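For reference, the chains in residue letters:
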Amino acid sequence: MTIFYKFGGKMYVNITNGCPCDCVFCIRKNGDSIEDNDSLWLEREPSFEEICAAFDKFDKAGISEAVFCGYGEPTVRVETLIKTAEYIKDNSDMNVRVNTNGLVRLVHKDFDIMRFKGVVDSFSISLNAPNAKRYNEVTRPRFGEPAFDEMLSFSREVKDMGIETSFTVVDIITAEETAECEKIAAGMGIPLRVRAYVTDNESYT
Ligand code: SF4
């Protein structure tokens, strides 16, 4: 099972293949790994103990950032994510970034996002679309159109907590839609990055 892997000089953390969305651009539709890494489809979800053991063995030389990204949505296992991030911080000098769809509170109704404070250094959040209807078409969350507003609320709140926050869109939407996304992001004071739809490691969350 590939729990940790290197990509672009960072250490990626793959703790789940679960996801409440079915994005039209999800890289998981195109293959089972990134570059020359082993398959990112997990045989089963690794326990916290297995994750720690894999981290201890992983060659971390020269790596300054851990990115929870996975072949799935990392906040599906938010308790394991938090424990793992704490373990990484306690046992290395790495910063922790989480690539997420921002829907953790729809998956885990009682989750308090304040728990990310001091554990997550930055969030990269998939904005994906300029409105709820297009978001629903592009991201296809199992929660339907209300997911869009929750993603925006999550983004606003984690930014206000002082966590570095950025948005991404994938260039499968139109130029006009991208411009609308840029306006939304600018209005929230959150930088937006437009990513090409390729087999880019970050195109799946
Ligand atoms: S891109 Fe991310 S949020 Fe979308 S289906 Fe894939 S894993 Fe889920």
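Residues numbered from 1 in each chain as written. Predicted model: local features only at pLDDT ≥ 70, side-chain atom pairs only at ≥ 80, totals over all residues. Heavy atoms only, no water.

> Can you lay out the packing of aromatic side chains for me, pointing to particular residues and giving the numbers?
Under the definition given, this model contains 12 aromatic pairs. Arranged with centres 5.9 Å apart and planes meeting at 45°, the rings of F4 and F58 form a pair that is tilted. Here F4 is found in strand β1 (residues 4–7), whereas its partner F58 is found in the loop between α1 (48–57) and β3 (65–68), with 54 residues between them in sequence. Note on accessibility: F4 and F58 belong to one class, buried. On the basis of an interplanar angle of 55° and a centroid distance of 5.1 Å, the ring pair of F111 and F116 is categorised as tilted. Each residue in the set F4, F48, F55, F58 and Y87 is aromatic and connected to the rest through ring pairs, giving one cluster. (Phe/Tyr/Trp six-rings, centres within 6.5 Å; stacked < 30°, edge-to-face > 60°. Helix = DSSP H or I, 4+ residues; strand = E, 2+ residues; numbered from the N terminus. Buried < 20%, exposed > 50% of the residue type's maximum accessible area, 1.4 Å probe, protein only.)

> Can you lay out the pattern of salt bridges for me, pointing to particular residues and giving the numbers?
Following the criterion strictly, the structure yields 12 salt bridges and no others. When the shortest N-O distance is used, the salt bridge between E137 and K133 registers 3.0 Å. Here the residue E137 and the residue K133 both occupy positions in helix α4 (residues 132–139), the gap between them amounting to 4 residues, near one helical turn. In this structure E137 comes out as partly exposed when scored by relative accessible area, which is 36%. A cluster of three or more residues bridged by salt bridges with shared partners is formed by K133, R134, E137 and E177. (Salt bridge = Lys/Arg side-chain N within 4 Å of Asp/Glu carboxyl O.)

On their own, these measurements won't tell you what the molecule is for.
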